[in-house]
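Tertiary structure, described
One letter stands for each residue in the lines below.
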Amino acid sequence: MKYASEDQERPAVQPTAGPASPAPERPAQAGRPAPAPHDEQQGTRNRVARSILDHGPSTAAELALRLELTQAAVRRHLDALAAEGVVEPREKRVYGARGRGRPARAFALTDCGRDAFDQAYDQLASDALRWIAQSAGGGEKGEAAVAAFARARLAAQAEGYRKAVEAAEPEARTEALAKALTADGYAATARSAPNPQLGEQLCQHHCPVAHVAEQYPQLCEAETEVFSRLLGTHVQRLATIAHGDGVCTTFVPKAGAGKAAHSSTAHSSTPKTTTASASTAGRNPA
């Protein structure tokens, strides 16, 4: 399934107080037939899926606010997307004390849902990296050859990131890197860590090479090294799409926060903590 272009989507219906009323029919433009109800429904579903891709696992309430739809309408689209295997419900992660009542369900894209966007060349990339490894002799030599390729690829890619980061004020460099990554298709954002005193989190809500990086950890390791060099500090991977999380999250400590505090906060934020130098880091998508 390939999602329709967002340029062709209709504006969302504004939410109203009380029971939702049906959207008024739009008159057909001159020389242009009115869109079929099915097409409008599919276009809205595409917007829901795209919003989850860009922002990570989201509740029906968050999607309704973001897309200016009623929660009832969003839930209908989520049910349809879940039936198609595009999204799946998860318990929303809560930082700090949890309030009373059942936690809200957040919906995340499945592997099938991510495939529908732009991972059509995964097999080609996997085959190419396998050929590189085999041509180098396999084993450790093959792994080293793939690592060399990953570093060369990221070195060229990082030059554009470097200009954006160096042009920003020190406190805005993580945000500048997020914007540069977004331009390359990673749908990245920067936000405060659960303890803002210690640092920020660089979140990649989409990874164009996630499936390939799961097989070839060198891609992730090379990217983590690039982040560290660009931001001038040690960074640490906290959560990854390959490990079942909805977002690849990298902890970026504030200057002077201290290694001990950084390590403590990073581990307490999520149970799935890895570092670029750890043996498990390579299983995280770049």
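Structure shown above.
A brief structural summary. (Residues numbered from 1 in each chain as written. Predicted model: local features only at pLDDT ≥ 70, side-chain atom pairs only at ≥ 80, totals over all residues. Heavy atoms only, no water.)

This part is about helix 9 (residues 218-231). The first and last C-alpha atoms of helix 9 sit 20 Å apart over 14 residues, in line with the 20 Å expected at 1.5 Å per residue. Here helix 9 lies mainly inside the structure; ten of its 14 residues are buried. All buried positions along helix 9 are accounted for by Gln218, Leu219, Cys220, Ala222, Glu223, Thr224, Val226, Phe227, Leu230 and Leu231. Positive backbone phi, approximately 70°, marks Gly232, located one or two places after helix 9. (Helix = DSSP H or I, 4+ residues; strand = E, 2+ residues; numbered from the N terminus. Expected span 1.5 Å × (residues − 1). Buried < 20%, exposed > 50% of the residue type's maximum accessible area, 1.4 Å probe, protein only.)

Strand order in the open sheet made by the four strands is 3-4-6-5, with antiparallel pairing throughout. Single-partner strands in this sheet number two, and they are strand 3 (188-192) and strand 5 (236-239). Sheet twist, expressed as the mean angle between neighbouring strand axes with direction ignored, is 30°. In this sheet, strand 6 (residues 248-253) lies alongside strand 5 in antiparallel orientation, the contact comprising three bridges. Of the residues in strand 6, the one forming a bridge with Gln236 is Phe251. Together, strand 3, strand 4 (199-204) and strand 6 form the strand contacts of helix 7 (residues 173-183), whose direction differs from that of strand 3 by roughly 160°. Sheet contacts for helix 9: strand 4, strand 5 and strand 6; angle to strand 5, the most-contacted strand, approximately 125°. (Pairing = 2+ DSSP bridges. Axes fitted to C-alpha atoms, helices over the stretch in contact; angles between N-to-C directions. Contact = heavy atoms within 4.5 Å.)

Secondary-structure assignment places Gln157 in helix 6 (residues 139-167). Reaching out from Gln157, the side chain makes a polar contact with the side chain of Asp184 at a distance of 3.3 Å. The residues contacting Gln157, other than those within four sequence positions of it, are Asp184 and Tyr186. (Polar contact = N/O pair within 3.5 Å; in protein donor to acceptor, adjacent residues only side chain to side chain.)

For Arg237, the position within the fold is in strand 5. By relative accessible area, Arg237 is classed as buried at 1%. Here the side chain of Arg237 touches Thr250 through a polar contact of 2.9 Å, side chain to side chain.

With that out of the way, let us pick up the nonpolar core. Tyr161, Leu177, Leu181 and Leu202 are the most contacted members of the largest nonpolar core, which has 31 residues in total. Setting aside chain neighbours within four positions, we find Leu177 in contact with Tyr161, Val165, Leu202, Phe227, Leu230 and Leu231. Counting 16 residues, the second-largest nonpolar core is a separate cluster that includes Ala60, Leu67, Leu69 and Val74. (Core = buried A, V, L, I, M, F, W, Y, C linked by side-chain atoms within 4.5 Å.)

In a regular helix each residue adds 1.5 Å, so 14 residues correspond to 20 Å; helix 5 (residues 122-135) covers 20 Å between its end C-alpha atoms and thus fits that length. Along helix 5, the positions that sit buried rather than exposed are Asp122, Ser126, Leu129 and Ala133. For helix 5, the arc enclosing every buried residue in end-on projection is 70°, short of the 170-degree limit, so these residues lie on one face. Facing away from the buried surface of helix 5 by more than 90 degrees, the exposed residues are Gln123, Leu124, Trp131 and Gln134. Lining the buried residues of helix 5 we find helix 6, helix 8 (210-215) and helix 9. At the C-terminal side of helix 5, Gly137 shows a positive phi close to 110°. (Arc of directions from axis to C-beta.)

By themselves, these figures tell us nothing about what the structure is for.
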